[in-house]
Structure formats: C-alpha cells, structure tokens
Amino acid sequence: MQDHSDLEIFARVVRAGSLTQAGSELGLSVAVVSKRLKRLEERLAVRLLHRTTRRVAPTDVGQEFFQRIAPIVDAIAEAETLVSQRASRARGTLRVTAPSSFGRLHIVPHLSAFFALHPDLVLNLELSDDFEPIVERGYDLAIRVGTLESSGLTAVRLAPVRRVLCARPSYLDAAGRPAGPDDLRNHVCLATENQNPWRLVGPDGPCTVSAAGPLRTHSNEVVREAVIGGLGIALRSTWDVHAELRSGLLEVVLPAYTAAAQAGIYAVYPSRAFVPAKTRAFIDFLKRSYRSSAAWPEP
C-alpha cells in the first residue's frame, strides 16, 4: 500500500467531496481517511471540513488551506512519478471526465482492449455533460467535444467533428423536407439550451437559425433520443449518430449546410513539465482507436 500523507488525503477529499470516494481512489478505508483527517485538524488546531451524511465540504479556512497545499501535493506526486517505474509503465489510478453520450459511445466500448494493454492501470471514468473543472476536481484528463477556449491547459486533438442536420425519414415525410435554412422555422427543431441558436455555414456563407420546438433540455442524450424517435430535426455530430445515418434510421437534412464552428474532439490535461505515463497511455490509445473508427467520416 502506498504511504499517503495527511495533506494528500485532505486534498483528495476536498476534490472528491466524499470520504468514501477519496478512500476508494487512494486505496484506503473510510475509517483510515477519517482518522488521518482528524489527526491533521488536531495538529493544526482548526476545523478544515464540514461533514454531513452525504457530502464533505471545506470550511473557509479549509478552502484557503487547500488552495495553498494543492499545488504542492500535485508537484510531489509529479516528482514521484518522474523518478519511479511508473515513468515508463502506466499504473495507478487515472481520473477522467467525459461527456455522457461520447463516453458511452466512444470510450466505454474500447475499455476491454485498453485494459488488456495496461493491466496495472485503474480508470476512474466520470461521464457528465457539465464541464467539470479539471484541476480543482483532481482529474488527470478530460475529453472535450467542440471548440476550445483559451486556458492554461494542454489540449491534444484526437479526431475531427462534423455536425449535420438530421431527422427521421418518417418525420420528414409528414412535415416536409426543408429546401433551405428559412424553412426550418416551420419545423420542430431539437437543441439543448446551450446549443441554440444553430450557427450554420452553406453555399451562401454563414447563417443563424433559432431552434424552436416544444422540447427544452440541457441533455444531449435527450436530444439524441428525441430525433431518433421522430420528434423533429436536430443538429448532431456524426460521431453521435453515424450508425443511424448509415442504417437509414436518420436522414441528413439540408446536406449543403453544416455547423460553422471548426470543432474537434480533444484530450485536455493540466500543463506539466512531465506528463505521467498513465495519461500518455490513454491519449495514445484513443488516438489509435479513433483513427480507424467509422464514426468520423462524412455520412
């Protein structure tokens, strides 16, 4: 068992928001985690954490303490990784966050092959449509889909993204096939709240379409299932609906128009002088897997 310092345990608990989760990631029991935290609080003579039956959150003093010691804890972990055997072999726990649909479709199906290559690695995979803060939550890596804003993080492009308008043929047979973007105003348009309006580019240049319809949601999964169910027209990435497009369950609408943004699929991680072997291994594996995937070509 690795010898974890009290500061490392405290930082992991703050990031996980749970003694149970932190203990699982560190390979320690909840009782040991609780005992070590109590020892740290007694040594500092201050209360660092608010504890409830479900969550653990830092006190004001605890938050200030965490902000000071977290970079130190991370630097020590990085130094240990650099000089240990882990520098050449992927091992330990890798914490990854990814969007729900993408993770379900394009990460989970590859895990069997990944673990066969890296049997000493444990993957803690969290699927969420929220952009979790990587450093603050203690993630080693995040998968981001779309266009990236400037940040202090390092990004590696894994694959391109092409987004197309699509709908179920039965819906189009009943509602009519639009001849141009203006006709979309007469259709049920399905979009998440943060992807409305649609910004498209076509033969006449860019245009903006307000996606109006009876469905309101922040979930990409909901939009995906709604368009497959025949509710209306949606703007979807080919990685999300390539199987349905190939089978004919969905049909491309206005094929001359696609999303304007030059989006991509990225692996994003904290900028470091040394990238741990476990992080490199996961990124390299995904790049190889996506290079041969049928999800990226145009429909």
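Numbering of residues starts from 1 in every chain and runs along the sequence as written. The predicted nature of this model means local features are confined to residues of pLDDT at least 70 and side-chain atom pairs, given and counted, to a pLDDT of 80 or more, with totals for whole chains, interfaces and linings taken over all residues. To get the side-chain values, all heavy atoms of the structure are used, and hydrogens and water are removed first.

This part covers the overall build of the protein. Secondary structure summary: the protein contains eleven helices and 13 strands in total. Its C-alpha atoms give the protein principal-axis dimensions of about 70 × 40 × 30 Å. Relative accessibility under 20% of the residue-type maximum defines a buried residue, over 50% an exposed one, and the middle range a partly exposed one, all with a 1.4 Å probe and only protein chains included. With 299 residues in all, the protein has 46% of them scored as buried. Intrachain contacts of the protein at a sequence separation of at least 6 include 76% that bridge at least 24 residues. Accessible surface area values rest on a Shrake-Rupley calculation with a 1.4 Å probe, where residue burial reflects the displayed protein chains alone. Within the structure as shown, the protein displays about 15400 Å² of accessible surface, and the carbon and sulfur contribution to it stands at 51%. When charges are counted, neither His nor the chain ends are considered; positive counts come from Lys and Arg and negative counts from Asp and Glu. Just so you know, the charge point we use is NZ for Lys, CZ for Arg, CG for Asp and CD for Glu. Computed over 36 positive and 31 negative side-chain charges, the inter-centroid distance for the protein is 4 Å. In this description a helix means any DSSP run of H or I spanning at least four residues, a strand means any run of E spanning at least two, and both kinds are numbered starting from the N terminus. Here a residue-residue contact requires only that any non-hydrogen atoms of the pair lie within 4.5 Å.

As a further point, take the pairing of strand S12 (residues 251–259). Here strand S7 (residues 163–167) runs beside S12; their pairing, made up of four bridges, is antiparallel. Bridging across to S12, cysteine 166 finds its partner in valine 252. As defined by bridge partners, strand S9 (residues 198–202) adjoins S12 across two bridges and the pair is classed as antiparallel. Paired with leucine 200 across the two strands is alanine 259, which belongs to S12. Whether two strands pair comes down to DSSP finding at least two bridges between them.

Our next topic: helix H9 (residues 220–228). All buried positions along H9 are accounted for by Asn220, Val223, Arg224, Ala226, Val227 and Ile228. In this structure, the buried side of H9 is in contact with helix H5 (100–106), S7, strand S8 (189–190), strand S11 (233–237) and helix H10 (238–247). Side-chain atoms alone can form a polar contact between residues adjacent in sequence; in general such a contact is a pair of N or O atoms within 3.5 Å, and within protein one must be able to donate a hydrogen while the other accepts it. The N-terminus of H9 is capped by serine 219, whose side-chain oxygen sits 3.2 Å from the backbone nitrogen of glutamate 221. Just past H9, the residue glycine 230 takes up positive phi, approximately 90 degrees.

Attention now moves to the packing of aromatic side chains. For any pair of aromatic rings, geometry is given as the distance between the ring centres together with the angle between the planes. Within 6.5 Å between ring centres, the rings of Phe, Tyr and Trp (the latter by its six-membered ring) count as paired, and their orientation is classed by plane angle as stacked under 30 degrees, edge-to-face over 60, tilted in between. Applying the stated rule across the entire model yields six aromatic pairs. On the basis of an interplanar angle of 85 degrees and a centroid distance of 5.8 Å, the ring pair of phenylalanine 102 and tyrosine 290 is categorised as edge-to-face. In this pair, phenylalanine 102 sits in helix H5 while tyrosine 290 sits in helix H11 (residues 277–291), placing the two residues 188 residues apart along the sequence. With respect to class, phenylalanine 102 is no different from tyrosine 290; both count as buried. A ring pair is formed by phenylalanine 114 and phenylalanine 282, whose centres lie 5.1 Å apart and whose planes are at 85 degrees; its orientation type is edge-to-face. Separated by 168 residues along the polypeptide, phenylalanine 114 in helix H6 (residues 111–117) and phenylalanine 282 in helix H11 bring together distant segments of the chain. Summarising the burial analysis for this pair, phenylalanine 114 and phenylalanine 282 share the class buried.

The salt bridge criterion pairs a side-chain nitrogen of Lys or Arg with a carboxyl oxygen of Asp or Glu, the two atoms within 4 Å. Applying the stated criterion to the full structure yields eleven salt bridges. Glutamate 41 is the salt-bridge partner of arginine 51, the closest N and O atoms lying 3.5 Å from each other. Of the two residues, arginine 51 is situated in strand S1 (residues 49–51) and glutamate 41 in helix H3 (residues 30–44); the sequence distance between them amounts to ten residues. Judged by its relative accessible area of 32%, arginine 51 falls in the partly exposed class. Notably, a salt bridge pairs glutamate 221 with arginine 104, separated by 3.1 Å at the nearest N-O pair. Taken together, the residues span a long stretch of sequence, with glutamate 221 in helix H9 and arginine 104 in helix H5 at a distance of 117 residues. Here the salt bridges do not stand alone but share partners, grouping Arg224, Glu225, Arg236, Asp240 and Glu244 into one network.

Remark: nonpolar core denotes a set of buried residues (Ala, Val, Leu, Ile, Met, Phe, Trp, Tyr, Cys) joined through side-chain atoms within 4.5 Å. Counting 28 residues, the largest nonpolar core has Ile107, Ile143, Leu158, Ile265 and Phe282 as the members making the most contacts within it. Breaking this core down by element, the ones donating at least two residues are strand S3 (92–98), H6, strand S4 (121–127), strand S5 (141–146), strand S6 (153–160), strand S13 (264–270) and H11. Listed in part, the 20 residues of the second largest apolar core include Ala16, Leu19, Val33 and Ile69.

With that out of the way, let us pick up the environment of leucine 49. Positionally, leucine 49 belongs in strand S1. Separated by 14 residues in the primary sequence, leucine 49 and glutamine 63 place their C-alpha atoms 8.7 Å from one another. In this structure, leucine 49 is in contact with Phe10, Val13, Val14, Leu37, Glu41, Val56, Ala57, Pro58 and Thr59, ignoring residues within four places of it in sequence.

Following the sequence through the fold, alanine 155 ends up in strand S6. Since its relative accessible area comes to 40%, alanine 155 is described here as partly exposed. When the C-alpha positions of alanine 155 and alanine 234 are compared, they lie 28 Å apart, and in sequence the two are 79 residues distant. Apart from the residues lying within four places of it in its own chain, the contact partners of alanine 155 are Leu148, Tyr266, Ala267 and Val268.

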